Amino acid sequence: MTEDATTTRRGRAKARRRQARAVRREARAVRREARAVRRRRPGPTSGFAMLPWLLLGLGSFSNLVQGETPNPWFGGIGLFVFNSLYISVVFRAFHPMARNSAATWWSLAGMAVMTFGLGGAYGGSWLLFFPLFGLACGTVLRGRNLALVGAPLTVAVAVVAAVHDGWGAVTIAYGTVISMLVTAAILALSETVVELHSTRQELARSAVEEERLRFSRDLHDLLGHTLSVIVVKSEAARRLAPRDMDAALEQVTDIESVGRQALREIREAVTGYRDSSLSTELDRARSALTAAGIEPVVRQSGPPLGPRTEALLGWVVREAVTNAVRHSGATRCEITVHGAPEQVRLVITDDGRGVRSAPAGGTGGEGTGGRGTGLRGLTERLAAAGGSLEAGPAPRGGFRVTAVLPVDPATDAPTDAAASLMESERPA
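Nothing here was measured: the structure is a model prediction, and the numbers come from that model.

Re the overall build of the protein chain
When helices and strands are tallied, the protein chain shows 13 helices and five strands. Counting every atom, the protein chain has about 23600 Å² of accessible surface; 61% of that belongs to carbon and sulfur.

Some remarks on the nonpolar core
Judged by nonpolar contacts, the single largest core of 36 residues is most densely connected at Tyr86, Leu108, Met111 and Cys137. Those elements that place two or more of their residues in this core are helix H3 (72-92), helix H5 (102-122), helix H6 (129-140), helix H7 (144-165) and helix H8 (169-240). Examining the composition of this core, we find that eight residues originate from one element, H6, more than from any other. Judged by nonpolar contacts, the second largest core, of 31 residues, contains Val316, Val337, Leu382 and Val407.

Observations regarding the pattern of salt bridges
Counting across every chain of the model gives seven salt bridges. Between Arg260 and Glu256 there is a salt bridge; the shortest N-O distance is 3.6 Å. With Arg260 and Glu256 both in helix H9 (residues 245-274) and four residues apart, this pair spans about one turn of that helix. Between Glu334 and Arg299 there is a salt bridge, with its nearest N and O atoms 3.5 Å apart. Separated by 35 residues along the polypeptide, Glu334 in strand E2 (residues 332-339) and Arg299 in strand E1 (residues 295-301) bring together distant segments of the chain. What makes Glu334 partly exposed here is its relative accessible area of 26%.

Focus: H3
The first and last C-alpha atoms of H3 sit 30 Å apart over 21 residues, in line with the 30 Å expected at 1.5 Å per residue. Those residues of H3 not exposed but buried are Gly75, Gly78, Leu79, Phe82, Leu85, Tyr86, Val89 and Val90. With its buried residues spanning 145° around the axis, H3 presents them on a single face. Residues Trp73, Ile77 and Phe80 are exposed on H3 and point more than 90 degrees away from its buried face.

Thoughts on the pairing of strand E4 (residues 388-393)
Pairing analysis gives six bridges linking E4 to strand E5 (residues 399-406), with the strands arranged antiparallel. Each bridged residue has a counterpart across the sheet, and for Leu389 the counterpart in E5 is Ala403. As consecutive antiparallel partners, E4 and E5 are separated by five residues, and within that stretch Gly397 has a phi angle of approximately 95°, a positive value.

Side note on the packing of H3 against H6
Packing of H3 against H6 brings their axes to within 9 Å, and their N-to-C directions diverge by 25°. Considering the angle they form, H3 stands roughly parallel to H6. Remark: the crossing between H3 and H6 carries left-handed chirality. Note on element contacts: H6 touches H3 through Phe129, Leu132, Phe133, Leu135, Ala136, Thr139 and Val140, opposite Leu79, Phe82, Asn83, Tyr86, Val89 and Val90. Its residues assigned to classes, the contact of H3 with H6 shows 11 nonpolar, two polar and no charged.

Side note on helix H2 (residues 58-65)
Every buried residue belonging to H2 is among Ser60, Asn63 and Leu64, and all of these are buried. Buried residues of H2 fall within an arc of 100° about the axis and therefore sit on the same side. Positive backbone phi, approximately 75°, marks Gly67, located one or two places after H2.

Focus on a nonpolar patch on the surface
A cluster of nonpolar side chains, Leu55, Leu58, Phe61 and Val65, forms an exposed patch at the surface whose accessible area comes to about 420 Å². Within the element layout of this structure, Val65 appears in helix H2.

Considering the packing of H3 against H5
At a minimum axis distance of 9 Å, the contact between H3 and H5 shows a crossing angle of 145°. Both H3 and H5 take part in a crossing whose hand is left-handed. Taking contact as the criterion, the partners of Phe74, Gly75, Gly78, Leu79, Val81, Phe82, Leu85, Tyr86, Ser88, Val89 and Arg92 in H3 are, on H5, Ala103, Thr104, Ser107, Leu108, Gly110, Met111, Met114, Thr115, Leu118, Ala121 and Tyr122. By residue class, the composition of the contact of H3 with H5 is 14 nonpolar, seven polar and one charged.

Points about the sheet that holds E2
The five strands are arranged E1-E2-E3-E5-E4 in an open sheet whose pairing can be described as mixed. The open sheet is flanked by E1 and E4, the only strands paired with a single partner. Averaged over all pairs of adjacent strands, the angle between strand axes in this sheet comes to 10°, irrespective of strand direction. Across the sheet, helix H11 (residues 307-328) lies against E2, strand E3 (343-350), E4 and E5, angled at about 10° from E3, the strand it touches most.

Quick look at unusual backbone geometry
Positive phi, normally seen in glycine, also occurs at Asn71, with a value near 50°. In this fold, Asn71 is placed in the loop between H2 and H3. Overall, the relative accessible area of 57% leaves Asn71 in the exposed class.

Side note on the pairing of E5
Across the eight residues that make up E5, a large majority, six, are buried. Pairing of E3 with E5, which is carried by eight bridges, proceeds in the antiparallel orientation. Bridge pairing in E5 places Arg345 opposite Val404.

Quick look at the environment of Ala185
Here Ala185 is to be found in helix H8. Ala185 sits in the partly exposed class, given a relative accessible area of 47%. With 46 residues separating them in the primary sequence, Ala185 and Thr139 have C-alpha atoms 9.2 Å apart.

Conventions adopted
- Residues numbered from 1 in each chain as written.
- Predicted model: local features only at pLDDT ≥ 70, side-chain atom pairs only at ≥ 80, totals over all residues.
- Heavy atoms only, no water.
- Helix = DSSP H or I, 4+ residues; strand = E, 2+ residues; numbered from the N terminus.
- Areas by Shrake-Rupley, 256 points an atom, 1.4 Å probe, with all protein chains shown as cover.
- Core = buried A, V, L, I, M, F, W, Y, C linked by side-chain atoms within 4.5 Å.
- Buried < 20%, exposed > 50% of the residue type's maximum accessible area, 1.4 Å probe, protein only.
- Salt bridge = Lys/Arg side-chain N within 4 Å of Asp/Glu carboxyl O.
- Expected span 1.5 Å × (residues − 1).
- Arc of directions from axis to C-beta.
- Pairing = 2+ DSSP bridges.
- Axes fitted to C-alpha atoms, helices over the stretch in contact; angles between N-to-C directions.
- Parallel < 35°, antiparallel > 145°, perpendicular 65-115°, else oblique.
- Left-handed = near helix turned anticlockwise from the far one by under 90°.
- Contact = heavy atoms within 4.5 Å.
- Nonpolar A, V, L, I, M, F, W, Y, C, P; charged D, E, K, R; others polar.
- Patch = residues over 30% accessible without salt bridge, like charges linked within 9 Å, V, L, I, M, F, W, Y side chains within 5 Å.

Here is the structure:
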């Protein structure tokens, strides 16, 4: 009894260690995907992209150096303070919490004071600080705040510029409002695209995790009671064997019966899980693609298929759609099933990034030259059934998976898993 308990504890400890390693692998995969999303982020990604616009102040700096600016100390200090505040604001603008903080708003207020002070005092090239200030406002302001600040700012800029430059004030005011609006639009679009990428990755992970949980829950419900009965009867047989061999043999007979029943139930569960109809898999694919923001187009024609053919094509649909959801970045996925008297052809095409789409360490087909672990296994299974599977870049971009199987409903057999279980169920 002590040895059995020790063995059980060791087995549980090993299982826990395997589970912990699996969790760490999943966490590393999530971090890799997050880094891939950040690398794909469009538009400006940091305040460094805003720094070249400071070159607009070179004219003012040149005036200071050449002594053409009255009160050069005021102008020099103002130029230094404005540039410092500008750098602080644009770098803080790329961090949501810092962008909405009070320090950022006070920095913008300080920039407004320096911009109107320098532009109003000197005019000329100093008026170019107004578009620069508008650009800084565009990095911080969004939505209603942009309208509340932009309208009065444009009017005030036009008035100050008109005093120094007459009709040239139109150019300064126009440059100010355009720089503010365009910057805000580009950064808002960039943030939206990043959120969409993150949402798509999360939807793909959720779909995979939900399917894993569903299958593990089904197996737990199926085997939990059966295995408990087997363990209890085995302990009873071990205790009865020294005293009553007939009673122990009766317990062993019960164990055999329960085991056979468990094998039948497992066969039914696996058959139901792996041999679901092709129409069911197509419905699931349509649902998964729609949830991931990919437009599904499904076409099916031809005579009814046999169980084995439907099971194999269903697995191809599931694998290809999973790869499209997780790796492709596609907006449209077409699934075409065309049956003929001799063979059935399944073609799945998306308009994603093809073989460059999968993140590092991926296991799917796309991004791995079309020969990931899943597609390799499917290729072997289809070849064993007399068919073929090809995966790779589509002629017009994206990724294509093509499966061809002979149609022979009369000889369709159960899937590999069910067949192996039935073989193991036969008495020796």
